[in-house]
2 protein chains.
Amino acid sequence: MFLPVQKKAITMTLEEQLKHKINFKTKPLGALGLLEDLALQIGLIQATLTPELKNPTILVFAGDHGLTDEGISPFPKDVTWQMVMNFVAGGAAINVFCRQNGVNLKVVDAGVDFDFPEGVPVINAKVARGTRNMRREPAMSAEECDSAIQKGRELVKQEAAGGCNIIGFGEMGIGNTSPSSLLMHRFLNIPIEECTGSGTGMHGEQLTRKMKILKEISEKYDPQTPEATLATFGGLEIAMMVGAILEARDRQMILLIDGFIATASVLTAIRINPEVRDNCVFCHSSDERGHKLMLEHLDARPMLQLNLRLGEGTGAALALPLVHAAVNFLNEMASFEDAGVSNK
Amino acid sequence: MFLPVQKKAITMTLEEQLKHKINFKTKPLGALGLLEDLALQIGLIQATLTPELKNPTILVFAGDHGLTDEGISPFPKDVTWQMVMNFVAGGAAINVFCRQNGVNLKVVDAGVDFDFPEGVPVINAKVARGTRNMRREPAMSAEECDSAIQKGRELVKQEAAGGCNIIGFGEMGIGNTSPSSLLMHRFLNIPIEECTGSGTGMHGEQLTRKMKILKEISEKYDPQTPEATLATFGGLEIAMMVGAILEARDRQMILLIDGFIATASVLTAIRINPEVRDNCVFCHSSDERGHKLMLEHLDARPMLQLNLRLGEGTGAALALPLVHAAVNFLNEMASFEDAGVSNK
């Protein structure tokens, strides 16, 4: 048998085949920019030339933080449960964007300091009524942190069983930029000042004070493993998100990563399983100080740069149409040959 | 009568009322970034606190350029009509993104050097079979240019009559970054080298040669009015887009502005009616050199930064979900008071 041309075609790797498919669409080479990178990434994740997005879902994890006793947020802690009730009523930004973009939204109580009334559609995965004040003691025990991780894994298993292959992660937790800054500081070895931003609105002296408290906390502990670091400095919603991220990677789902807190969760998950990075779509570059540094460290080029700093998964919900666009051009656009268009 | 509080409320300007509505949504102040600016802009355009987007439409204007005789594009001129046939068959990027995002797409022959067969759904607004080679003579006569502008206005009138209040503009024309660079150079008084980029793929010596030709052309003519500048250096699809932009502003539509060529058309339209700027949503920052400078000059912060450089209106189609998001959060999100969430 003598079939050299066919044989050559057959031995192209999937990556080469995807690049060839992208390059011969009716457009100048590279003219769809980041959408081309995304199409390649998704093809590789799903191991196919014709990827599909099924049942896009965002899980919003809510939790409280003992550290709010130290005045590190301008909003009172009660806003966590109040905003969960707002999610349930459909009135928050994440509700609006999920409705618009066809995203299945689920709200998870990872550790809110409130008893939600019977019948309220919040998934009860409560590990504790918030973390401890880490200025005094570690935020979580090892057992609590592990429980949060396992519950996060379990929730993603359920979504995968329901046919979801693209999942975003959001959070609600007054005070949760502080644990995220600490995780970033410890995992990336970047001075705490560069990891600490204004969150929902800390400026001037308030911000200086927040930085001072976080520095004091960082110096107080020296955990040696990613899990211990997470337990010491994290949050219940963050730990649950870490578990969800790990499980979603294990199931080869596409991970839609939101802003500062979600990216801190990714940093943590990557310390446990570096392959997590391959499945992450970084949805936006937040206005929260530190987020751009995290993204640089991850060699990530975010899909959106809208100066968002809201969390809740809003950046993930807003970026979803771009992910659809990447998949759709790969599947639907004509090639030069199909369309009878002259190539150079 | 003594109603000081109500009276104060009544005397708030629309802009103040919109800002108040945006600021008291359940989110930290300013946390939706550019979407907040966009919601304000759209409220002001439509003169309402509850804007609506109706029948989003993109007009793609196609035209040929006599200057392609000088080898200023790596693609042959025939690609213009071939890509129009690709649009009609639904196989181009703009088709994919319009289908995905619910955009009504119309393809207009402004001046293609080809006779489209009967029955092909291309709007026939042909002014001529392409422009003249402006290295030798002006691209258009004053009459041709005016005819293109008027036909552009007429097309937008028809869309407005059909209920459209948000309209995007795309283009297809091999060689049309060159006229756009020249218009930018003349209107912004920026050296031609900074206005000239690689288009669909001119690099190194080819690009240097393109710049040299454009410089020679710029020095050959000295038109004194915006219309004469457009006729001398423009394209039929560009002139038609200028007319469409002017008409859409007169009808207080939202204008979705795509990349380099569409922004050059906006620069031209603004010289004729400066109020055009108020209605423009700049959809993306293109990879074509010069586009960022144009956007800076217009004090524009684009919605997307995806390294696109394809034209066709693709940036406009991709940005539409973000425009919907701006309108939807303004209309649908709960206020702190509505949701019973504590404000600072």
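Right above here is the structure, for reference.
Every chain begins its residue count from 1, and numbering advances along the sequence as written. Both sets of labels track the order of writing: A upward for chains, 1 upward for ligands. Totals for whole chains, interfaces and linings use every residue, but because this is a predicted model, local features are given only for residues with pLDDT of at least 70 and side-chain atom pairs only at 80 or more, for both listing and counting. Calculated side-chain values reflect all of the structure's heavy atoms, with hydrogen atoms and water omitted.

**Student:** When you look at the nonpolar core in this model, what are you seeing that I'm missing?
**Tutor:** In summary, soluble globular proteins display a tendency toward joint burial of nonpolar side chains. In terms of nonpolar packing, the biggest core is built from 118 residues, with F97(A), L35(B) and F97(B) touching the most fellow members. The contacts of F97(B), once residues within four sequence positions are left out, are L32(A), L35(A), A325(A), F329(A), T314(B), A317(B) and L318(B). Throughout, nonpolar core names a set of buried Ala, Val, Leu, Ile, Met, Phe, Trp, Tyr and Cys residues whose side chains join them through atoms within 4.5 Å. To sort residues, take the accessible area from a 1.4 Å probe on protein chains only and compare it with the maximum for the residue type: under 20% means buried, over 50% means exposed, and anything in between is partly exposed. Note on definitions: a residue-residue contact is assigned when non-hydrogen atoms from the two residues lie within 4.5 Å.

**Student:** When you look at the packing of aromatic side chains in this model, what are you seeing that I'm missing?
**Tutor:** The geometry of an aromatic ring pair is captured by two quantities: the separation of the ring centres and the angle between the planes. All names here are of chain A. Side-chain rings of Phe, Tyr and Trp, where Trp is taken by its six-membered ring, are said to pair if the distance between their centres is within 6.5 Å; with planes under 30 degrees apart they count as stacked, over 60 as edge-to-face, and otherwise as tilted. For the coordinates displayed, the defined rule picks out 8 aromatic pairs over all chains. Both rings, one in F114 and one in F116, keep their centres 5.2 Å apart while their planes meet at 70°; by these two values the pair is edge-to-face. For F116, a relative accessible area of 16% translates into the label buried. What links up through ring pairs into an aromatic cluster is the set W81, F114 and F116.

**Student:** What exactly am I supposed to notice about the sheet that holds strand β1 (residues 57-63) of chain A here?
**Tutor:** Whenever strands of a sheet pair, they do so through backbone hydrogen bonds, lying parallel or antiparallel. Residues and elements named next belong to chain A. Only strands joined by at least two bridges in the DSSP assignment are considered to pair. Labels follow the DSSP assignment, with helices taken as runs of H or I lasting at least four residues and strands as runs of E lasting at least two, numbered in each case from the N terminus. Taken in spatial order, the 6 strands of this open sheet run β3-β2-β1-β4-β5-β6, and their pairing is parallel. Each edge of the open sheet carries a strand with a single partner, namely β3 (123-124) and β6 (280-282). Judged from the 4 bridges that link them, strand β4 (residues 166-172) and strand β5 (residues 254-257) form a sheet pairing that is parallel. Within the sheet, the bridge partner assigned to F169 lies in β5 and is I257.

**Student:** Help me understand the pattern of salt bridges in this model?
**Tutor:** Opposite charge on two side chains makes pairing possible when the charged atoms of those side chains draw close. Here, a salt bridge means any Lys or Arg side-chain nitrogen found within 4 Å of an Asp or Glu carboxyl oxygen. Under the counting rule described, the total for this entry stands at 38 salt bridges over all chains. Across the pair R249(B) and E275(B) runs a salt bridge whose closest N-O atoms are separated by 3.2 Å. Within this pair, whereas R249(B) is found in helix α11 (residues 236-250), its partner E275(B) is found in the loop between α12 (260-272) and β6 (280-282), the two being separated by 26 residues in sequence. When salt bridges with common partners are traced through the structure, they connect K77(A), D113(A), D115(A) and R129(A) into a single cluster.

**Student:** Would you mind going over the relation of the copies chain B and chain A with me for this structure?
**Tutor:** Put simply, the second copy of the chain is the first one after a rotation about an axis and a shift along it. Only residues with pLDDT of at least 70 in both copies count here: their C-alpha atoms drive the least-squares fit that superposes the copies. After a rotation of 180° and a shift along the axis of 0.0 Å, chain B superposes on chain A with an RMSD of 0.0 Å. In short, the pair behaves as if placed about a two-fold rotation axis. Identified as the residue of chain B closest to the rotation axis by C-alpha distance is L304(B), at 3.2 Å. A share of 100% of the interface residues of chain B reappears at the interface of chain A, consistent with the copies meeting face to face through the same patch.

**Student:** Would you take a moment to explain the interface of chain B and chain A for this structure?
**Tutor:** For interface size, the figure often reported is the accessible area lost on association. Contact with chain B, which involves 54 residues of that partner, is made by 54 residues of chain A. Around 4400 Å² of area is buried between chain B and chain A when both sides are counted, 62% of it from carbon and sulfur atoms. Put simply, chain B and chain A have 2 salt bridges between them. One salt bridge connects E332(B) with R99(A), and the closest N-O pair in it is separated by 2.8 Å. Polar contact is the term for a pair of N or O atoms within 3.5 Å; when the atoms are in protein, one must be able to donate a hydrogen and the other to accept it, and sequence-neighboring residues count only if both atoms are side-chain atoms. Where chain B touches chain A, the interface holds 22 residue pairs in polar contact (both at pLDDT 80 or more). Each of two parts loses accessible area, computed with a 1.4 Å probe, when they are put together; buried area is these two losses added.

**Student:** Sorry if this is basic, but what is going on with the side chain of S286(B) here?
**Tutor:** All names here are of chain B. Tracing the chain through its elements places S286 in the loop between β6 and α13 (291-297). Of the residues examined, S286 reaches a relative accessible area of 3% and is grouped as buried. Here L308 takes part through its backbone oxygen, which lies 3.4 Å from a polar atom of the side chain of S286.

**Student:** Can you help me understand the packing of helix α14 (residues 314-332) of chain A against helix α5 (residues 93-101) of chain B in this one?
**Tutor:** When two helices pack together, their arrangement is given by the angle between the helix axes and the distance between those axes. Packing of α14(A) against α5(B) brings their axes to within 9 Å, and their N-to-C directions diverge by 135°. When the axis of α14(A) is compared with that of α5(B), the two are oblique. The two elements α14(A) and α5(B) meet at a crossing, and its hand is right-handed. Facing P321(A), H324(A), A325(A), N328(A), F329(A) and E332(A) of α14(A), the residues of α5(B) in contact are V96(B), F97(B), R99(B), Q100(B) and N101(B). Residues are grouped as follows: Ala, Val, Leu, Ile, Met, Phe, Trp, Tyr, Cys and Pro are nonpolar; Asp, Glu, Lys and Arg are charged; all remaining types, including Gly, are polar. Considered class by class, the residues forming the contact of α14(A) with α5(B) number 5 nonpolar, 4 polar and 2 charged. Helix axes are fitted to C-alpha atoms over the stretch in contact, other axes to C-alpha atoms as well, and angles between N-to-C directions run from 0 to 180 degrees. Oblique is the label for every angle not falling under 35 degrees (roughly parallel), over 145 degrees (roughly antiparallel), or within 65 to 115 degrees (roughly perpendicular). Left-handed is the label given to a crossing in which the near helix is rotated counterclockwise from the far helix by less than a right angle, and right-handed is the label when the rotation is clockwise.

**Student:** Explain the sheet that holds strand β5 (residues 254-257) of chain B to me, please; I cannot follow it from the model alone.
**Tutor:** All names here are of chain B. Taken together, the 6 strands give an open sheet; going across it, the order is β3-β2-β1-β4-β5-β6, and neighbouring strands pair in parallel fashion. If you trace the sheet from one side to the other, it starts and ends with β3 (123-124) and β6, each paired once. Relative to strand β2 (residues 104-111), strand β1 (residues 57-63) is paired through 7 bridges, and the arrangement is parallel. By the bridge assignment for β2, I58 is matched with L105. Along the sheet face, helix α6 (residues 142-161) touches β1, β2, β3 and β4 (166-172) and points at about 160° away from the line of β1.

**Student:** Explain helix α5 (residues 93-101) of chain A to me, please; I cannot follow it from the model alone.
**Tutor:** Because each turn of an α-helix spans 3.6 residues, side chains separated by three or four positions in sequence point in the same direction. Where burial is concerned, most of α5(A) is hidden: 7 out of the 9 residues are buried. Elements that come into contact with the buried residues of α5(A) comprise β1, α4 (79-89), β2 (104-111) and α14 of chain A together with α3 (33-46) and α14 (314-332) of chain B. Downstream of α5(A) by a residue or two, G102(A) has a phi angle that is positive, lying close to 70°.

**Student:** What's the story with the environment of D78(A) in this structure? I'm lost.
**Tutor:** All names here are of chain A. Summarising the element assignment, D78 is placed in the loop between β1 and α4. On a C-alpha basis, the gap between D78 and G173 in space is 9.6 Å, while along the polypeptide they are 95 residues apart. A polar contact of 3.2 Å, which involves the side chain of D78, links it to the side chain of W81.

**Student:** Where do I start with the packing of helix α2 (residues 14-23) of chain B against α14(B) in this structure?
**Tutor:** All names here are of chain B. With their axes 9 Å apart at the nearest point, α2 and α14 run at an angle of 80° to one another. With respect to each other, α2 and α14 are oriented roughly perpendicular. Within the contact between the two elements, α2 uses L18, K21 and I22 and α14 uses F329, L330 and N331. Split into classes, the residues belonging to the contact of α2 with α14 amount to 4 nonpolar, 1 polar and 1 charged.

**Student:** Would you take a moment to explain the environment of C164(B) for this structure?
**Tutor:** All names here are of chain B. When you line up the elements, C164 lands in the loop between α6 and β4. Relative accessible area serves as the criterion here: at 5%, C164 is assigned to the buried category. Residues C164 and A248 lie 84 residues apart in sequence; the distance between their C-alpha atoms is 10.0 Å. Contact partners of C164, with chain neighbours within four places excluded, come to K54, N55, T57, E159 and M253.

**Student:** I keep staring at the side chain of S218(B) and nothing clicks. Help me out?
**Tutor:** As for its placement among the helices and strands, S218(B) is situated in helix α9 (residues 204-220). Within the structure, the side chain of S218(B) is placed 2.8 Å from the side chain of H185(B), a separation counted as a polar contact.

**Student:** What's the story with the environment of A248(A) in this structure? I'm lost.
**Tutor:** Residue and element names in this part refer to chain A. With respect to the secondary-structure elements, A248 resides in helix α11 (residues 236-250). The exposure class assigned to A248 is buried, which follows from its relative accessible area of 0%. Residues A248 and K215, spaced 33 residues apart in sequence, show a C-alpha to C-alpha distance of 33 Å. Ignoring any residue separated from it by four or fewer positions in sequence, one finds A248 in contact with V156, I167, F169, M253 and L255.

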